Amino acid sequence: MSILVPRPGIMEISPYVPGESEIEGAERLIKLSANEGALGPSPLAVEAYRSTAAEAHRYPDGDSTALREAIAARYGLDADRIVCGAGSDELLTLLARSYAGPGDEIMFGEHAFVMYPLIALSAGATPVKVAETDYTLDVDALLDRMTERTRMVYVANPNNPTGTCISADEVARLRAGLREDILLVIDAAYAEYVTRNDYSPGIGLVDAGDNVVMTRTFSKIYALGGARLGWAYCPPSIVDVLNRVRSPFNINIAAQAAGIAAVNDVEFVTRSRDHNTAWLPWLSERLAEAGISVVPSAGNFVLGRFPRDGGRTAAEAIAFLKTRGIIPRSAAGAGIPDGVRITVGLEEEMRMTAEAIAEFMEPS
Ligand SMILES: Cc1ncc(COP(=O)(O)O)c(C=O)c1O
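Along each chain, numbering runs from 1 in the same order as the chain's sequence is written. Side-chain atom pairs in this predicted model are given and counted only at pLDDT of 80 or more, local residue features only at pLDDT of at least 70, and totals for whole chains, interfaces and linings cover all residues.

S.K.: Even after reading the chapter, I still don't get the site of the ligand, so can you show me in this structure?
M.R.: Near residues are defined by distance alone, with the backbone-placed C-beta atom required to lie within 6 Å of the molecule or strand. Not every one of the 13 residues close to the ligand is listed here, only the nearest: Gly-87, Asp-89, Asn-160, Thr-217 and Ser-219. Three categories are distinguished: nonpolar for Ala, Val, Leu, Ile, Met, Phe, Trp, Tyr, Cys and Pro, charged for Asp, Glu, Lys and Arg, and polar for the others, with Gly belonging to the last. Residue composition of the shell around the ligand, by class: three nonpolar, eight polar and two charged.

S.K.: Mind showing me how you'd approach the sheet that holds strand 3 (residues 105–109) here?
M.R.: Within a sheet, neighbouring strands are paired by backbone hydrogen bonds and run either parallel or antiparallel to one another. In this analysis, strands are considered paired if DSSP registers two or more bridges between them. In this description a helix means any DSSP run of H or I spanning at least four residues, a strand means any run of E spanning at least two, and both kinds are numbered starting from the N terminus. Reading across the sheet, the seven strands line up as 2-8-7-6-5-3-4 and stay open at both edges, with mixed pairing between neighbours. Edge strands, defined here as strands with exactly one partner in the open sheet, are strand 2 (82–85) and strand 4 (126–130). Averaged over neighbouring strand pairs, the angle between their axes works out to 25° when direction is ignored. Note that strand 7 (residues 212–217) and strand 8 (residues 230–233) share four bridges and pair antiparallel. Bridge pairing in strand 8 links Met-214 to Tyr-233. For every residue pair, C-beta atoms are placed from the backbone, and the pair is scored as a contact if these atoms sit within 7 Å. As a rule, the C-alpha atoms of each element are fitted with a line to give its axis, helices using only the stretch in contact, and angles between N-to-C directions run from 0 to 180 degrees. Across the face of the sheet, helix 2 (residues 65–75) comes into contact with strand 2 and strand 8 while running at roughly 120° to strand 2.

S.K.: How should unusual backbone geometry be read in this particular structure?
M.R.: The peptide bond linking Asn-157 to Pro-158 adopts the cis configuration, its omega dihedral lying at -5°. Following Asn-160, the chain continues to Pro-161 via a peptide bond in cis, the omega torsion being 15°. Summarising the element assignment, Pro-161 is placed in the loop between strand 5 (150–156) and helix 6 (168–177). Even without glycine at this site, Ala-223 takes up a positive phi of about 55°. In this structure, Ala-223 sits in the loop between strand 7 and strand 8. Exposure remark for Ala-223: the 22 C-beta atoms within 10 Å place this residue in the buried category. Residues with at least 20 other C-beta atoms within 10 Å of their own are called buried, those with 12 or fewer are called exposed, and the rest are partly exposed. The C-beta atoms themselves are positioned from the backbone.

S.K.: What's the story with the pairing of strand 4 in this structure? I'm lost.
M.R.: Walk down a regular strand and you will see the side chains alternate between the two sheet faces. Relative to strand 4, strand 3 runs parallel, the two sharing five bridges. Looking at the pairing, Phe-108 lines up with Lys-129 of strand 4.

S.K.: Explanation requested: the packing of helix 3 (residues 88–99) against helix 4 (residues 115–122) in the structure shown.
M.R.: When two helices pack together, their arrangement is given by the angle between the helix axes and by the axis-to-axis distance. Remark: helix 3 packs on helix 4, axes separated minimally by 8 Å, with the N-to-C direction vectors making an angle of 40°. One element, helix 3, and the other, helix 4, form an angle in the oblique class. Two packed elements cross with a definite hand, and for helix 3 against helix 4 that hand is right-handed. Residues Asp-89, Leu-92, Thr-93 and Ala-96 of helix 3 touch helix 4, and the partners they reach there are Met-115, Ile-119, Ala-120 and Ser-122. A per-class count over the contact of helix 3 with helix 4 returns five nonpolar, two polar and one charged. Here is the rule for angles: anything less than 35 degrees is roughly parallel, anything more than 145 is roughly antiparallel, 65 through 115 is roughly perpendicular, and the remaining ranges are oblique. Handedness of each helix crossing follows the sense of rotation of the near helix against the far helix: counterclockwise by less than a right angle gives left-handed, clockwise gives right-handed.

Without other data, these values stay purely geometric and don't point to any function.
Quick look at the structure:
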């Protein structure tokens, strides 16, 4: 046994388990396990990604300047307040490692994105799960649970795997109720899909103070998960901190080029959003018709809650779908053992999934 001992908390981490992407023996796969954008990346992003290959011997721009400027132009922000990360995961992790440590608490909802507890432990901090109401973040419960030790709160809005989101007013109420020395991280990975008109990804709250950060990703609507690209919009003091702790060349040249092309391909993003706006309710309705309890989703996926017994459990549903080449994602890791999360895919994939689920749920 090694005499090297990692910092407290590290060995409590159960390594993240990604959505499955293979089924042995299956010819055709329908991967609906990782909330990847249904239409794939913009062809312009693919072309931009390829175009960097011959320059792969050169280090990338360590500040991702052109990418930050493209994001800033698209979202109406100041490029100096944006920091890019190798996926938003990197930024979410660096924030915890910078602002919390042993003895500190990091709060989030009971069914929040499964990375948050791992991130808290990797910083040596204590993860604190706070009860939700109807699979939705409960602002009062979070405020009640705040202690002297609370240092950070993660709010995934919309949340994964539940798909639920809270209104801009509720997020503002949370911010207003938190002490000034607590960092509120609004993880808006699915913001581009949201159609609710009481929603805001949180830009206004970042602008209004020093203690709010919004994170975004290129992995969902931009469908560039494999390129690992995310960004954070921050107060200047947090930009400074993130730029000290991130690695100097954290975004490779291909990802920078693809990100710029993707964010500029507005027509493609609109098409991806429209696709989701059509097929998310369609899929949700088919699940409900089959007798599954559906949690209303604002993202590009839906959480169905299956019966707890009688041969129609979530685990049995997943096994059945896999026999059809369809890979959904269990929500057990987020404390929802009867939950199966299904990503919105292409039309044919959605029709095949709905058919398989109807068959699975048919009374025998
Ligand atoms: C809520 C939420 N936040 C963050 C991420 C991380 O995304 P990435 O690191 O690919 O940017 C995900 C990915 O599934 C997510 O669902």
